[in-house]
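# Examination of the molecular architecture
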Amino acid sequence: MRVAVLGAGRIGQLHSRLLASQADVSEVIVSDIDGDRARQVADAIGGRAASSVESALDVADAALVTATTDAHATLVSMAIDRQLPVFCEKPLAFDLAETAALVEKIERTGAIVQVGFQRRFDPAYQEARRLVETGAIGTVYLVRLIAHDHEPPPDAYIPVSGGLFRDSSIHDFDALRWVTGLEVVELYAAGSVREFPIFARYDDVDTGAVVLQMTDGTLAVLGQTRHDPRGYDIRMEVIGSKDAVTVGLSTSTPLRSLEAEAPLMPGAAWTSFLTRFEAAYRAELLAFLRVARGETTSPCTARDALEAMRISVAATRSRAEHRPIRLAEVS
């Protein structure tokens with residue numbers, strides 16, 4: 001199988017290395033707006049740099065879209081026009097209208113698309129989902145989501161990120177839907193700029209919180225920051241009538257307990273999504289290769305991406321309008 005990787009940034013480089021290590025991938029073809037970077041990545045993995053997106057797609061059997069967010073919809077559309085199976089990093093498109101239009105095209109044409117919400121492939125998230133599905137948790141009272149970046153994104157990325165809730169929280173919103181098997185009915189979001197004034201320049205925030213109500217009445221609470229001095233901290237807690245469990249609490253969790261008898265966290269703290277979820281990214285990519293070979297269906301569909309985007313848009317609107325937003329308002 002020949003796979004085109006469209007975008008040679010950090011995540012594109014990770015996926016390229018993983019692809020090159022697979023026996024059934026005969027060639028990795030790298031394309032990037034920066035031709036020198038594409039050549040460097042291709043050379044590092046023994047792949048080939050393409051002179052254009054079109055030339056990469058024309059010789060590929062499958063495609064990975066790992067470019068900047070504003071290019072996702074165009075690149076996915078180009079790939080499915082060639083009837084190629086496509087993996088697209090989140091989000092599927094930059095905004096809700098573009099996402100909805102692309103989902104309509106994907107579903108109308110029967111295109112094969114997998115969206116990159118890698119937490120679905122993390123073993124602890126999978127176990128949390130199993131415990132909820134089997135009833136081992138009991139009645140779910142509350143889901144608590146914790147999301148703290150170690151360092152803010154580069155200044156140049158902030159104006160094109162789509163904002164905190166669309167750029168980052170969308171992962172938490174997808175994980176919430178997937179683990180609980182429920183949809184969000186209503187939410188209220190708030191945010192502030194606590195440390196980094198550049199976010200205010202683009203009507204964004206470096207700190208946010210969201211309270212969400214699910215279809216069966218379950219409540220969820222997300223707390224998020226763009227900076228955590230101790231490291232990259234992504235967790236989920238599920239509190240139910242029979243059990244209470246947590247995802248993301250380990251010796252690498254960047255958290256210091258003030259309790260005298262608390263166990264120490266001696267391991268090296270996670271510092272980025274690449275270190276925290278490297279195994280999940282690998283499992284996700286292997287799943288896509290099975291999808292591309294026709295062995296299974298997409299484990300994370302374009303429709304899933306649209307629903308996560310709707311929640312993100314609702315949270316962004318709620319923060320701006322200082323009121324609760326029902327998801328029915330976000331069509």
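Check the entry above for the structure.
These notes cover the structure that comes with them. Predicted model only: the values in this text are computed from it and were never measured. (Residues numbered from 1 in each chain as written. Predicted model: local features only at pLDDT ≥ 70, side-chain atom pairs only at ≥ 80, totals over all residues. Heavy atoms only, no water.)

Regarding its fold elements, the protein presents 12 helices and 13 strands. The globule rule puts the C-alpha radius of gyration for 331 residues at 20 Å, and the 20 Å found for the protein is close to it. Overall, the C-alpha framework of the protein stretches about 55 × 45 × 45 Å when taken along its three principal axes. Evaluated residue by residue, the protein yields a buried proportion of 52% over its 331 residues. For the protein, restricting intrachain contacts to residue pairs at least 6 apart in sequence, the fraction spanning at least 24 positions comes to 71%. When the accessible surface of the protein is totalled, it reaches about 14700 Å², and 51% of it is carbon and sulfur. On the protein, the mean spot of the 34 positive side-chain charges and the mean spot of the 45 negative ones are 1 Å from each other. (Helix = DSSP H or I, 4+ residues; strand = E, 2+ residues; numbered from the N terminus. Rg over C-alpha atoms; globule rule 2.2 N^0.38 Å. Buried < 20%, exposed > 50% of the residue type's maximum accessible area, 1.4 Å probe, protein only. Contact = heavy atoms within 4.5 Å. Areas by Shrake-Rupley, 256 points an atom, 1.4 Å probe, with all protein chains shown as cover. Lys, Arg positive; Asp, Glu negative; His and termini not counted. Charge placed at Lys NZ, Arg CZ, Asp CG, Glu CD.)

Scanning all chains against the criterion turns up 28 salt bridges. A salt bridge links D36 to R39, with the nearest nitrogen and oxygen atoms 2.3 Å apart. With D36 and R39 both in helix α2 (residues 35-45) and 3 residues apart, the pair spans about one turn of that helix. Here R39 falls in the partly exposed class, since its relative accessible area comes to 44%. A single network of salt bridges, built from pairs that share partners, joins R120, D174, R177, E183 and D304. (Salt bridge = Lys/Arg side-chain N within 4 Å of Asp/Glu carboxyl O.)

Here helix α6 (residues 123-134) crosses helix α8 (residues 169-180) at 40°, and the two axes come no closer than 8 Å. One element, α6, and the other, α8, form an angle in the oblique class. Here Y125, Q126, A128, R129 and V132 of α6 come into contact with α8, specifically with A175, W178, V179 and T180. For the contact of α6 with α8, the per-class residue count stands at 6 nonpolar, 2 polar and 1 charged. (Axes fitted to C-alpha atoms, helices over the stretch in contact; angles between N-to-C directions. Parallel < 35°, antiparallel > 145°, perpendicular 65-115°, else oblique. Nonpolar A, V, L, I, M, F, W, Y, C, P; charged D, E, K, R; others polar.)

There is about 1300 Å³ of room inside the largest pocket. Lining the largest pocket are 42 residues, with R10, I11, Y157, D167 and F273 positioned closest to its centre. Residue assignment for the lining of the largest pocket shows that the elements contributing at least two residues are α1 (10-20) and α4 (72-81). Of the residues assigned to the lining of the largest pocket, the class counts are 18 nonpolar, 14 polar and 10 charged. (1 Å grid on protein atoms, 1.4 Å probe; cavity = no way out; pocket = protein on both sides within 12 Å on 5 of 7 lines; lining within 4 Å. Points joined across faces, edges and corners; volume = space filled by probe spheres on them.)

Note the cis peptide between K90 and P91, where omega equals -15°. Mapped onto the elements of the fold, P91 is located in the loop between β5 (86-89) and α5 (96-109). The backbone of D203 shows a phi angle near 55°, a positive value even though the residue is not glycine. Take D203: it is sitting in the loop between α9 (198-201) and β9 (207-214). The backbone phi angle of H322 is positive, close to 55°, even though this residue is not glycine. With respect to the secondary-structure elements, H322 resides in the loop between α12 (302-321) and β13 (325-326). For H322, a relative accessible area of 61% corresponds to the exposed category.

Turning our eyes to something else, we now look at the sheet that holds β5. Adjacent strands of a sheet pair through backbone hydrogen bonds, lying either parallel or antiparallel. Reading across the sheet, the 6 strands line up as β3-β2-β1-β4-β5-β6 and stay open at both edges, with parallel pairing between neighbours. Two strands lie at the open edges of the sheet, namely β3 (48-49) and β6 (113-116), each paired on one side alone. With 2 bridges joining them, strand β2 (residues 27-31) and β3 adopt parallel strand pairing. For I29, the partnering residue across the bridge sits in β3 and is R48. (Pairing = 2+ DSSP bridges.)

What follows is about the sheet that holds strand β8 (residues 184-192). Judged by pairing direction, the sheet is mixed, and its 7 strands sit side by side in the order β12-β11-β7-β10-β9-β8-β13 without closing on themselves. Every interior strand has two partners, whereas the edge strands, β12 (244-247) and β13, have only one.

Within the element layout of this structure, S51 appears in the loop between β3 and α3 (53-58). Taking the C-alpha atoms as reference, S51 lies 9.1 Å from A38; in sequence the two are 13 residues apart.

Note that G12 resides in helix α1. For G12, a relative accessible area of 0% gives the class buried. Those residues in contact with G12 that sit more than four places away from it in its chain are V5, G7 and T66.

The next subject is the packing of aromatic side chains. One pass over the structure, following the stated rule, counts 4 aromatic pairs. Note on F196 and F199: the rings are 6.5 Å apart at their centroids and 75° apart in plane angle, and the pair reads as edge-to-face. Judged by its relative accessible area of 23%, F196 is partly exposed. Exposure remark for F199: the relative accessible area of 1% places this residue in the buried category. When the ring centre of F94 is taken as origin, the NZ or CZ atom of R166, which lies over that ring, is 5.7 Å away. It is R276 that lies over the ring of W270; its NZ or CZ is 4.5 Å from the centre. (Phe/Tyr/Trp six-rings, centres within 6.5 Å; stacked < 30°, edge-to-face > 60°. Lys NZ or Arg CZ within 6 Å of the ring centre and 35° of its normal.)

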